[in-house]
Amino acid sequence: MLSRVASNMFWMARYLERAENTARLINVNSHLLMDLPTTVKLGWEPIIDILSGRDGFYERYDKADEASVVKYLVTDKENPGSIINSLTQARENARTVREIIPSEIWEQVNGLYLSAMQNRQALLGRRRRYEALSGVIRANQTITGTLAGIMTHDEGYAFIRLGRNLERGDMTTRIIDVRSASLLPELDGDQSTFENIQWMSVLKSMSAYQMYRQKVRLRINRPDVLKFLLLEPRFPRSLLHTLHQVKALLEELPRHEKAVEATEKLETQLVDGKPQCLEQQELHEFIDDMQLGMIKIAEQINKTYF
Amino acid sequence: MTIRWGSYKTTNLYDELLRAAGKPRAAAEIICGYLRSLTDNDLEEFKVAAESAIHVMGISFRVYHEDEGSIDRDWPFDIIPRIIDKQEWLQIEKGLKQRVKALNMFIDDLYNEQKIVKDGVFPEELLKKSKNFLPECKGVHPPLGIWAHICGSDLVRDSDGTVYVLEDNLRVPSGVSYMLENRKVMKRVFPEMFEQYSILPVDDYPSHLYDMLSQLSPRDIEHPEIVVLTPGIYNSAYFEHAYLAQQMGAELVEGSDLFVDDDNVVYMRTIEGPARVDVIYRRIDDHFLDPEVFNPDSMLGVPGLMRAWKAGKVALANAPGSGVADDKVVYAFVPEIIRYYLNEEPSIPNVPTYKCINKEDRDYVIENIHKMVVKPANESGGYGMLIGPHASKAECEKFKRLIRRDPRNYVAQPMLMLSTAPTLVETKAEPRHLDLRPFILSGKDIKVTTGGLTRVALRKGSIVVNSSQGGGSKDTWIVDMEA
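Residues numbered from 1 in each chain as written. Chains lettered and ligands numbered in written order. Predicted model: local features only at pLDDT ≥ 70, side-chain atom pairs only at ≥ 80, totals over all residues. Heavy atoms only, no water.

K.L.:
Residues and numbers for the overall build of chain A, please.
P.N.:
Check the secondary structure of chain A and you find 15 helices and 0 strands. Computed over its C-alpha atoms, the radius of gyration of chain A comes to 19 Å, within 12% of the 19 Å expected for a compact globule of 306 residues. Considered along the principal axes of its C-alpha atoms, chain A spans approximately 60 × 45 × 35 Å. By residue count, 55% of the 306 residues in chain A fall in the buried class. (Helix = DSSP H or I, 4+ residues; strand = E, 2+ residues; numbered from the N terminus. Rg over C-alpha atoms; globule rule 2.2 N^0.38 Å. Buried < 20%, exposed > 50% of the residue type's maximum accessible area, 1.4 Å probe, protein only.)

K.L.:
Pulling in residues and values, what's your account of the pairing of strand β5 (residues 77–85) of chain B?
P.N.:
All names here are of chain B. Buried residues dominate β5, accounting for 8 of its 9 residues. Relative to strand β24 (residues 471–479), β5 is paired through 6 bridges, and the arrangement is parallel. From the neighbouring strand, Phe 77 faces β24, where its bridge partner is Ser 473. (Pairing = 2+ DSSP bridges.)

K.L.:
Explain the interface of chain B and chain A to me, and be specific about the residues and the numbers.
P.N.:
Listed per partner, the contact involves 18 residues of chain B and 16 residues of chain A. Summed over both sides, the interface between chain B and chain A buries roughly 1,500 Å², with carbon and sulfur atoms accounting for 49% of that surface. Counting every contact that joins chain B to chain A gives 2 salt bridges. A salt bridge links B:Glu254 to A:Arg4, with the shortest nitrogen-to-oxygen separation between them at 3.3 Å. The interface formed by chain B and chain A holds 8 residue pairs in polar contact (both at pLDDT 80 or more) in total. (Contact = heavy atoms within 4.5 Å. Buried area = accessible area lost by both parts, 1.4 Å probe. Salt bridge = Lys/Arg side-chain N within 4 Å of Asp/Glu carboxyl O. Polar contact = N/O pair within 3.5 Å; in protein donor to acceptor, adjacent residues only side chain to side chain.)

K.L.:
Let's hear about the sheet that holds strand β16 (residues 372–376) of chain B: which residues, and what values?
P.N.:
All names here are of chain B. Ordered in space as β15-β18-β16-β17, the 4 strands form an open sheet in which the pairing is antiparallel. This sheet does not close on itself; its edge strands, each paired only once, are β15 (354–355) and β17 (386–387). Pairing geometry for β16 and β17, over 2 bridges, is antiparallel. If you follow Val 373 over to β17, its bridge partner there is Ile 387. Sheet contacts for helix α12 (residues 328–342): β15, β16 and β18 (410–414); angle to β18, the most-contacted strand, approximately 65°. (Axes fitted to C-alpha atoms, helices over the stretch in contact; angles between N-to-C directions.)

K.L.:
Give a description of the pattern of salt bridges that names residues and reports values.
P.N.:
Taken as a whole and assessed by the stated rule, the structure comprises 47 salt bridges over all chains. For B:Glu16, the salt bridge identified is with B:Arg157, shortest N-O distance 2.9 Å. Taken together, the residues span a long stretch of sequence, with B:Glu16 in the segment before β1 (18–20) and B:Arg157 in strand β6 (residues 150–157) at a distance of 141 residues. Judged on exposure class, the residue B:Glu16 and its partner B:Arg157 are both buried. Between B:Arg432 and B:Glu430 there is a salt bridge, with the nearest N and O atoms lying 3.1 Å from each other. Look at B:Glu430 and you get partly exposed, because its relative accessible area is 23%. One connected set of salt bridges, linked through shared partners, spans A:Glu17, A:Glu20, A:Arg24, A:Arg168 and A:Arg237.

K.L.:
Would you mind going over the side chain of B:Ser177 in detail, with residue names and values included?
P.N.:
Residues and elements named next belong to chain B. Locating Ser 177 in the fold gives a position in helix α6 (residues 176–189). For Ser 177, a relative accessible area of 0% puts it in the buried group. Leave out the neighbours within four places in its chain, and Ser 177 touches Phe 239, Glu 240 and Tyr 243.

K.L.:
I'd like a description of the packing of helix α11 (residues 209–216) of chain A against helix α12 (residues 222–231) of chain A, backed by residues and values.
P.N.:
Residues and elements named next belong to chain A. Two elements in contact, α11 and α12, have axes separated by 11 Å at closest approach and are oriented at 110°. As the angle between them shows, α11 and α12 are arranged roughly perpendicular. Considering how the two elements wind past one another, α11 and α12 form a crossing that is right-handed. Between α11, through Met 211, Tyr 212, Lys 215 and Val 216, and α12, the contact on the second element is made entirely by Asp 224, Val 225 and Phe 228. (Parallel < 35°, antiparallel > 145°, perpendicular 65-115°, else oblique. Left-handed = near helix turned anticlockwise from the far one by under 90°.)

K.L.:
An account of the domain arrangement of chain A is requested, with residue identities and associated values reported.
P.N.:
All names here are of chain A. By domain assignment, chain A separates into domain 1 (1–151) and domain 2 (153–306). Placing the centre of domain 1 and that of domain 2 at their C-alpha centroids yields a distance of 20 Å. Every contact between the two is made by 33 residues of domain 1 and, on the other side, 34 residues of domain 2. Summing the contributions of domain 1 and of domain 2, the shared interface buries around 3,100 Å²; its carbon and sulfur component is 66%. Remark: the boundary between domain 1 and domain 2 carries 5 salt bridges. Notably, a salt bridge pairs Arg 237 with Glu 20, separated by 3.7 Å at the nearest N-O pair. Mapped onto the side of domain 1 that touches domain 2, the elements with two or more residues apiece are α1 (3–35), α2 (45–51) and α8 (126–150). A per-class count over the side of domain 1 that touches domain 2 returns 20 nonpolar, 6 polar and 7 charged. (Domains from an automatic or database assignment. Nonpolar A, V, L, I, M, F, W, Y, C, P; charged D, E, K, R; others polar.)

K.L.:
Help me get a handle on the confidence of the model for chain A, residues and values and all.
P.N.:
Put simply, chain A has an average pLDDT of 90, and 95% of its residues get 70 or more. Across chain A, element-level confidence peaks in helix α13 (residues 239–251) of chain A with a mean pLDDT of 98 and bottoms out in helix α10 (residues 190–205) of chain A with 77. (pLDDT = per-residue confidence, 0-100.)

K.L.:
Let's hear about the environment of B:Ala377: which residues, and what values?
P.N.:
Residues and elements named next belong to chain B. Here Ala 377 lies in the loop between β16 and β17. When the C-alpha atoms of Ala 377 and Lys 328 are compared, they prove to be 4.6 Å apart, with 49 residues separating the residues in sequence. Look past the residues within four positions of Ala 377 in its chain and what remains in contact with it is Asp 327, Lys 328, Val 329 and Asn 409.

Put into structure tokens, the structure is as follows:
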């Protein structure tokens, strides 16, 4: 398989996953804000922190109000990570491998891009936004399902799943990093209700709430949420699960030794680090290490295969 | 209203299917009768069926749009086929083989001994002025002595029925995938016609192409690595590049997928590491092939590719420099070229071409400029041309000056009246002008496609057949009337 083709498949999946995660994050934040009292100032800035960093945003907008942030994250062509840009990139990558991926996949990726372009207004406005963003999520999950159902599970498919899992793991760490920082761990009384709500929203950002409740049962608390999102091997959006996937996928590919080694190292670091017990500053540093580790895996994949 | 051949206007032009109103040519009788039997509804249905087949099969071409970037458009297609009797076709085929054989000998001679120049048949000053002569190719002996492995020659028919070669495309001719796809569409739309006619098949082209390319491999191995080199998805012919690669089971690569190592071998980057490439069917123009030698800014090519080719470590089809033989001035010399190398008379005539470099020709052209089509040597796509009968007085005067200033750079031809064929407009058949591009493969032997790509100017009265400018295509049937 040509390196370029492998790379296109990898990035197509990465961008699709990014668009899906961004859509979910915006939807969850909209709901969260409706539940919080106006005195709890959370707002939309954390979403910027999770997805892209503030610098790029404040170059273009004065304040992080809902309209600006949503516009920046959904349709702004100047934001490389906006949903529209992610879908554009996913489509361009799919287009170059159009003759190699199943034609239904090309049609779906193309259709997702076209409908997002058409629905730009709906994606921005409050009233229809939820439905429109859910549409992006659904479309991407359809693509994932179609791939699983009709594409030969060959090297190309392995690269698609590699891209998806690395992006997913990356997003999980970003959400935890930012969200846990804005949550004060030792609050009593009224505020703790809201803390509870916020941890719930963290889980929901990863579609993890229901699965968490089934698995943990206890009332929502920080160590358990962290443990679930970082270490639960069977939850598909937990960091450990994505790393397991990456490792298994790499093992299907030729010349995988170094990339597998980097992945195993990070797995060990993650499990041994007991992140659920860490205080905020330590957790922040730990997450930094995790992100560096994932960058190393991606670099190794890039160096070996692309 | 169904199709009524009695009211079909054939005017004074040659029509491919009808001798005169209401009188189909022998090879077209069955199809004309069949079309007449169809109702408007039938015709509409067939048209829709063809369109949806084209859409579903993804037969598209790319057009550039000012604000939208570029978009894929479905291939415009007319369901009425163009029909040529096999006996006539065999003559054309023979002539094409002769022509391409001579042209390849000409190219090989120009880059090596230049006997034709020394013998005074081809003027040295024309060679010196040629923009497409690549000095970098001097002294190279490509495998089998062949430079233009894939040639697309455009044929037109004048009002008296004579078939002429209008031009040869020896660089990266395109269109063959549409020829193949047109046939598939027709089989879906008119299956019954394929029972009534003995229509010669076209779909062996990809395997002939593969065989020819593998004959060029520098390594004597059973499965040489053959790749199709494309400029990428934004190229207007990308569909074809991908299509041919897929049909041949070859990798479709871009310049960045390949690299040339110190050993002058070309490798492609794969997830398993570098893999050696033997033959490159390149669909990139000469000047973008190798930034080490040609355009240093080229992002499309492969640095070192010329080194590898000259060292005989990789075969390029077509060979760089082949374009020297397809400019408009060389065209005028093709009859002489055929006589010189093959000692034969050309079987397909050139359009009579006046070479302004000769005083006699020049005087005639200047005197009759309002009747002539004047073409500069090194432009393509109709740029810098004068169409005398449609030009203003001022334009004619301007061209007279241009010709006097640089006579070598101009040739002129009488205005041809391109033949027509019935083309479906709404649910009626109207005559539209067309040409024909057969593809000729040269390897150990020479193979010509059965027919070729018929391009038709869909606009009334237009003679522009390019798909980007309102042109469409038809399936071309070579029918065996004796079968």
